[in-house]
Amino acid sequence: PKAQDVLKRMKLFVKEFAERADSGNLPSERRPHVVRVFSDRLLLLIERHPVWKGATHDELDAVAEGIEKYVTSKLYSYLFRAKSTKQHKENSRLWKTINSFNWIKAEHLDIDAKVVIDAKLTLAKDELCKMNNYKTPRDKLVCILNCCKVIYKLITTARRPAGADEFLPLLIFTLIRSNPPALYTNMEYIMNYRNQAKMMTEPGYYYTQLQSAISFVEMLTVDRLTVTADEWNRHMDPRNTPSTADQLLEGWLGDEAGAASTATDNSPTEEEIDVGIEFFDDPLLPLLTDTDFAASNPHYRFANRAASELKISELPLLLSAYKHLVLDNHRLRQQLAAGGAAATAASTSS
């Protein structure tokens, strides 16, 4: 097959990634960058290759999805780090925070009782919890999408437009009722490894809504609910917190491989990544770690940032920085071309 060399190189990438991670030479914080650089450069080569000349946007998009699916499913145990010290701590903190509000009812969030249909709400909760059943960031994001669509259906069935004023409270209520294990890791994993262009589409919008729901719960105080101070104090008394909370969480995360042991393997077939290109030498490119370099020029401010650290409000700055880098690159190429021409002319005259 004409893509046999590509498959070999992709397998080599997976092999080298695993070896370096196992040897301690590929820290967790560098892994999103390494995977993204690998995928981005691979796609650039695909776009320029004769085999893909005239390929439609949809065809190239399908290739991008195949690459993401292959890499993330093969390296899932290295990318989804629910058992790492930091991740475990954050998962535990978030799960306990959400669990502390499991007494909240729909009326506490000013949700119309007509909207809360138990069977449908259970379906939304189940969809959210399914994130742990899948390995690829796309599939996890689809679980969020499905959950939100069920919620919208609940609202529209009640014969009213599905506005944000009603949607977000119901999503918050669903989040509290479902409280998926390893939610922190799932959200970070999606942001780190999902194609960033896809995060600007409908599923990405719902991801942002879920992130807003999480933030609401994390900062929840008595004045943000329709509840009396006495009721709040009674439910929030630590003595009323279920003693089984830690055991429930540890039961899920205590497995040797954590979520990786239960997630399904959705690796694409070799035909799905038949991209037919020549591969570059070293897919594991180093991360820019020179902070002085990044601090010396405002256009390099994002050089050491991970995707999960970016804020929506920073997108204009990121676009501006990108445009400056493109302009600098264009000028540098012109200077190099002019220098080369001058050298050629001098050599000819001599």
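Residues numbered from 1 in each chain as written. Predicted model: local features only at pLDDT ≥ 70, side-chain atom pairs only at ≥ 80, totals over all residues. Heavy atoms only, no water.

1. Brief notes about the overall build of the chain
Basically, it comes down to this: Per the convention used, a helix needs a DSSP run of H or I reaching at least four residues, while a strand needs a run of E reaching at least two, with both numbered from the N terminus. Each residue is assigned to one of three classes by its accessible area relative to the maximum for its type, calculated with a 1.4 Å probe on protein chains only: buried under 20%, partly exposed between the two thresholds, exposed over 50%. For the accessible areas, the method is Shrake-Rupley and the probe is 1.4 Å, while residue cover comes only from the protein chains on display.
Along the backbone of the chain there are 14 helices and zero strands. Reading the chain from its N terminus to its C terminus gives the helix and strand order α-α-α-α-α-α-α-α-α-α-α-α-α-α. Counting every position in the chain, which comprises 350 residues, the buried fraction comes to 40%. Accessible surface, the chain as shown: approximately 19300 Å² in total, 53% of it carbon and sulfur.

2. Quick notes on the pattern of salt bridges
For clarity, the threshold we go by: Salt bridge, as applied in this entry: a Lys or Arg side-chain nitrogen positioned within 4 Å of an Asp or Glu carboxyl oxygen.
The full count for this structure, using the stated rule, is eight salt bridges. One salt bridge connects aspartate 61 with lysine 198, and the closest N-O pair in it is separated by 2.9 Å. Within this pair, whereas aspartate 61 is found in helix H3 (residues 57-74), its partner lysine 198 is found in the loop between helix H9 (183-193) and helix H10 (202-218), the two being separated by 137 residues in sequence. Between glutamate 127 and lysine 130 there is a salt bridge whose closest N-O contact spans 3.2 Å. Classification of lysine 130 as partly exposed rests on a relative accessible area of 30%. Connected via shared salt-bridge partners are Glu65, Glu68 and Arg194.

3. What about the nonpolar core?
The test is simple: Nine residue types can take part in a nonpolar core, namely buried Ala, Val, Leu, Ile, Met, Phe, Trp, Tyr and Cys, and a core is a set of them joined through side-chain atoms within 4.5 Å.
Ile144, Leu170 and Leu175 are the most contacted members of the largest nonpolar core, which totals 47 residues. For this core, the elements supplying multiple residues, two or more each, are helix H5 (85-99), helix H6 (118-129), helix H7 (137-157), helix H8 (164-178), H9 and H10. A per-element tally of this core places H7 first, with 11 residues. Grouped together as the second largest cluster of nonpolar side chains are 27 residues, Leu26, Phe38, Ala182 and Tyr193 included.

4. Focus on the side chain of threonine 185
What counts is decided by this rule: In the analysis that follows, any N or O atom pair within 3.5 Å is treated as a polar contact, provided that within protein one partner can donate a hydrogen and the other can accept it, and provided that, for residues neighboring in sequence, both atoms belong to side chains. In what follows, residue pairs with any heavy atoms lying within 4.5 Å of each other are defined as contacts.
Its place among the elements puts threonine 185 in helix H9. A polar contact of 2.7 Å, which involves the side chain of threonine 185, links it to the side chain of asparagine 91. Not counting residues up to four positions away in its chain, the partners in contact with threonine 185 are Phe80, Arg81, Ala82, Gln87 and Asn91.

5. With respect to unusual backbone geometry
The phi dihedral of asparagine 179 is positive, around 45°, even though this residue is not glycine. With respect to the secondary-structure elements, asparagine 179 resides in the loop between H8 and H9. You will see that alanine 182, though not glycine, has its phi angle at about 60°, which is positive. Inspection of the secondary structure assignment puts alanine 182 in the loop between H8 and H9.

6. Looking at the packing of aromatic side chains
Rule in force here: Only Phe, Tyr and Trp rings take part, Trp by its six-membered ring, and two of them pair if their centres are within 6.5 Å. Stacked means planes under 30 degrees apart, edge-to-face means over 60, and tilted covers everything else.
Applying the stated rule across the entire model yields 12 aromatic pairs. An aromatic cluster is defined as three or more aromatic residues linked by ring pairs; in this entry it consists of Tyr76, Phe80, Tyr189 and Tyr193.

7. Side note on the packing of H7 against H10
The criterion, for reference: Lines fitted to the C-alpha atoms define the axes, with helices restricted to the stretch that makes contact. Angles between their N-to-C directions range from 0 to 180 degrees. In this scheme, roughly parallel covers angles under 35 degrees and roughly antiparallel covers those over 145, while 65 to 115 is roughly perpendicular and the rest are oblique. Nonpolar residues are Ala, Val, Leu, Ile, Met, Phe, Trp, Tyr, Cys and Pro. Charged residues are Asp, Glu, Lys and Arg, and all others, Gly as well, are polar.
Orientation of H7 relative to H10, taken along the N-to-C sense of each, is 80°, at an axis distance of 9 Å. When the interaxial angle is binned, H7 and H10 end up roughly perpendicular. For the pair formed by H7 and H10, the contact residues are Leu141, Ile144, Leu145, Cys148, Lys149 and Tyr152 on the first element and Glu202, Pro203, Gly204, Tyr205, Tyr206, Tyr207 and Leu210 on the second. Split into classes, the residues belonging to the contact of H7 with H10 amount to 10 nonpolar, one polar and two charged.

8. Things to note about the packing of H9 against H10
Under the convention used in this document: Each crossing gets its hand from how the near helix is turned against the far one by less than a right angle, where anticlockwise is left-handed and clockwise is right-handed.
Running from N to C, H9 and H10 cross one another at 145°; their axes reach a closest spacing of 12 Å. You can see that H9 and H10 cross each other, and the crossing is left-handed. Residues Leu183, Met187, Glu188, Ile190 and Met191 of H9 form the contact with H10, whose own contacting residues are Tyr207, Leu210, Gln211 and Ile214. When grouped by side-chain class, the residues that make up the contact of H9 with H10 number seven nonpolar, one polar and one charged.

9. Some thoughts on the confidence of the model for the chain
For clarity, the cut-off: Across the chain, each position has a pLDDT score giving the predictor's confidence in that residue, from 0 to 100.
Per-chain confidence: the chain averages 77 in pLDDT, with 64% of residues scoring 70 or above. The least confident element of the chain is helix H13 (residues 291-295), whose mean pLDDT is 46; the most confident is H9, at 95. Low pLDDT, under 50, characterises residues 267-296; the stretch is placed with 77 contacts to residues that sit more than four places away or in other chains.

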